[in-house]
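Commentary on secondary and tertiary structure
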Amino acid sequence: MENKTARESVIYQIYPPSFMDSNNDGWGDLNGIASRIPYLHQLGIDTIWLGPIYDSPMIDNGYDIRDYYQIDTKYGTMEQFESLLDQLHDIDMKLIMDLVINHTSDEHPWFQQSKSAKDNPYRDYYIWRPAKSDGAEPNNWRSFQSESAWTYDEQTDEYYLHLFDRKQPDLNWEHPPLRQEVYKMIRWWLDKGIDGFRLDAINMISKHPDLPDAAEDDPHPIGQRFYKNGPRIHEFLQELHRETFAHYPHILTIGEAPSLTMEQVLEYTLPERKELNMVLAMDMMRIGKDPHNPWGSADWSVSQLKESVSKWYEHIFARGEYGVYLSTHDHPRMIPDVIGHHEHNMTAAKLVATFLHLIPGVPLVYQGEELGLPNTTYDRIEDYRDQGTIHYYKEAVQDGKPAQEVLAGIHQRSRDGSRSPMPWDAHSENFGFSPSDSTKPWIPFPDKESLTHLSVSEQEEQRGSVLSYYRHLIAMRKQFPIMSHGSFTMLLEDHPEVFAFIREWQGQRWLILLNFADVEAEIDWTQEYRVFPTSMVKILGNYPHTAHPPHPEEEQHIDDLQYLRPYEVLIYRM
Ligand code: BGC
């Protein structure tokens, strides 16, 4: 995809199990997605990132693939997929698929073969090692599920490596026949006309060849320095590009590659290196999280956001692309972190939206974010579905931690927090997610009362809803290239609550002010006068009856702007 187009897009992430169920089995599906195309069209997005829909035992909702060439029957059929793709293309919307090639399901035929005998031709498709001479596991790496990254298999008396769940064995990229199989599969999908891929955990495919033990003080998860950005990663990605992407010049490839330095981002994304079009800027997702404990939280501050936005802008913007996002299916939603008080929920959701669409980078909107959905918390562990969450709960309670305390951590960190179904229609039992009121969705809706006014049907009716604000922002992005291409200058750098910046492009200048606090913030402009003209005109705000200025086109002077109200957003043309 040409960089100009990529940079101007807005990408919308669909998490398929929770988007729309058309056949009343409580699980989202392809026909459900197709039925909501008008909604997506009206939202104004350009590209859908569709979570994995391949045949899978679903222990990780499809990130455990059993057959790359089949659509899982829970989602529908290949014909339905092709029809969805055609319908999207008819309205110029693109579809990119999730590409999970660091691992497969343990039910994939390759793994079934691989585990059957040491001399099986598929043995080296995965990473097998014997126990150490003292009987210990091959090394001390821990998986993202906070357990050993090795599982013993009696049949051949060896261990296989899995960085994620034990049912997700890692593929062995050192083995050329495996790589060729993967390339063949990728070309097969691209030949169908899909528009690209989001590449799952892509910076983990090259492991240190010796698989060395990690130091005990290695940050969570132990061992990552030996499997993230490994020694052959760029060789593998360049080969992947050569064998597949290079033949489909208009596609978009987005890498999920956690913990990259800015130099490494460039290695993955510089166009002349022919690897990926962009990577996701993941550090904002980590704000508020304890880096050493997957279930621990940390205080966060606006200065961390400022640091992250500036860092990506300064190092990457002029040279390559990156995606920015604030919520996804892997993290609790950001809204509750930002929102302290219910009275300000909607205002704060609009602040989050403005931030995402106005900072440099390609915005990715995760389903439900456009409704201002809060994080979902359940009071009973039985309502959680994520294996990692359930595993952690059992272990912690077994270790003697009070159940309520464990649940409190889960409320803040479980990825199920962002996975409850889309509330389409306030007037039906299942919010229209499943057509029949008697169907039970695969994961429960949170507190129904509070969800009612956030549903699509209610927001369609309300002027000034979060949904209409998102539509407006996305439309603005189409109308004003400054939002995609403009340069970025930070203002009020040391202000603890206000994120203020200027974007500038082809003679236009916009001032963007965001108050991340739930109280009024005072602004002192004395340090910043150098950048201001005498007057400016407001083009967007998130307060319905904003006092300044009374009329949108009325000119205003910077000196009039001494305060921002709680979670207030103001955008001015200067
Ligand atoms: C996906 C997760 C998944 C993991 C293993 C990721 O980063 O986004 O949902 O569990 O990869 O495939």
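Further up the page is the structure itself.
Residues numbered from 1 in each chain as written. Predicted model: local features only at pLDDT ≥ 70, side-chain atom pairs only at ≥ 80, totals over all residues. Heavy atoms only, no water.

**Details of the site of the ligand**
Near the ligand you find Asp60, Tyr63, His103, Phe164, Arg198, Asp200, Glu256, His329, Asp330 and Arg415, and these make up its full shell. The contact in question runs from an oxygen atom of the ligand to an N or O atom on the side chain of arginine 198, over 3.0 Å. Protein coverage of the free-state accessible area of the ligand, which is 310 Å², stands at 95%. Taken together, the residues that form the shell around the ligand break down as 2 nonpolar, 2 polar and 6 charged. (Near = heavy atom within 4 Å. Polar contact = N/O pair within 3.5 Å; in protein donor to acceptor, adjacent residues only side chain to side chain. Areas by Shrake-Rupley, 256 points an atom, 1.4 Å probe, with all protein chains shown as cover. Nonpolar A, V, L, I, M, F, W, Y, C, P; charged D, E, K, R; others polar.)

**Looking at helix α6 (residues 176–191)**
Helix length check: α6 (16 residues) gives 22 Å between terminal C-alpha atoms against 22 Å at 1.5 Å per residue, within 8%. Of all the residues in α6, the buried ones are Leu178, Arg179, Glu181, Val182, Tyr183, Met185, Ile186, Trp189 and Leu190. Two residues or fewer past α6, glycine 193 is found with a positive phi of approximately 100 degrees. (Helix = DSSP H or I, 4+ residues; strand = E, 2+ residues; numbered from the N terminus. Expected span 1.5 Å × (residues − 1). Buried < 20%, exposed > 50% of the residue type's maximum accessible area, 1.4 Å probe, protein only.)

**Looking at the pattern of salt bridges**
Pairing is possible between side chains that carry opposite charge, provided their charged atoms lie close to one another. Counting across every chain of the model gives 33 salt bridges. The salt bridge partner of aspartate 55 is arginine 66, with a shortest N-O separation of 3.0 Å. Taken together, the positions of aspartate 55 in strand β3 (residues 54–55) and arginine 66 in the loop between β3 and β4 (67–71) put the pair 11 residues apart, joining distant regions of the chain. Residues lysine 192 and glutamate 82 are paired through a salt bridge, measuring 2.5 Å at the closest nitrogen-oxygen approach. Of this pair, lysine 192 sits in the loop between α6 and β9 (196–199) while glutamate 82 sits in helix α4 (residues 78–90); the two residues are 110 residues apart in sequence, bridging distant segments of the chain. Residue glutamate 82 is classed as partly exposed on the basis of its relative accessible area, which comes to 31%. Within this structure, Asp55, Arg66, Asp106, Glu107 and Lys167 form a network of salt bridges that share partners. (Salt bridge = Lys/Arg side-chain N within 4 Å of Asp/Glu carboxyl O.)

**Side note on the pairing of strand β8 (residues 158–161)**
Because side chains alternate across β8, one face comprises the buried residues Glu158 and Tyr160, and the other comprises Tyr159 and Leu161, equally buried. Where strand β6 (residues 128–129) and β8 come together, 2 bridges link them in antiparallel fashion. Its bridge partner lying in β8, tryptophan 128 is registered against tyrosine 160. Pairing geometry for strand β7 (residues 150–153) and β8, over 4 bridges, is antiparallel. By the bridge assignment, tyrosine 152 is partnered in β8 with tyrosine 159. Following β7, the chain reverses through 4 residues before pairing antiparallel with β8; aspartate 157 in that reversal takes a positive phi of roughly 55 degrees. (Pairing = 2+ DSSP bridges.)

**Let's talk about the sheet that holds β7**
The 3 strands are arranged β6-β8-β7 in an open sheet whose pairing can be described as antiparallel. Looking at the sheet topology across the chains shown, the edges are occupied by β6 and β7.

**A look at the packing of α6 against helix α7 (residues 233–243)**
Interhelical geometry of α6 versus α7 gives an angle of 40 degrees and a closest axis separation of 10 Å. Between α6 and α7, the angle is such that the two are oblique. By crossing handedness, the relation of α6 to α7 is classed as right-handed. Residues Arg179, Gln180, Tyr183, Ile186 and Arg187 of α6 lie in contact with α7, whose contacting residues are Phe236, Glu239, Leu240 and Glu243. Residues that form the contact of α6 with α7 fall into these classes: 4 nonpolar, 1 polar and 4 charged. (Axes fitted to C-alpha atoms, helices over the stretch in contact; angles between N-to-C directions. Parallel < 35°, antiparallel > 145°, perpendicular 65-115°, else oblique. Left-handed = near helix turned anticlockwise from the far one by under 90°. Contact = heavy atoms within 4.5 Å.)

From the geometry alone we can't say anything about function, so treat these as descriptive.
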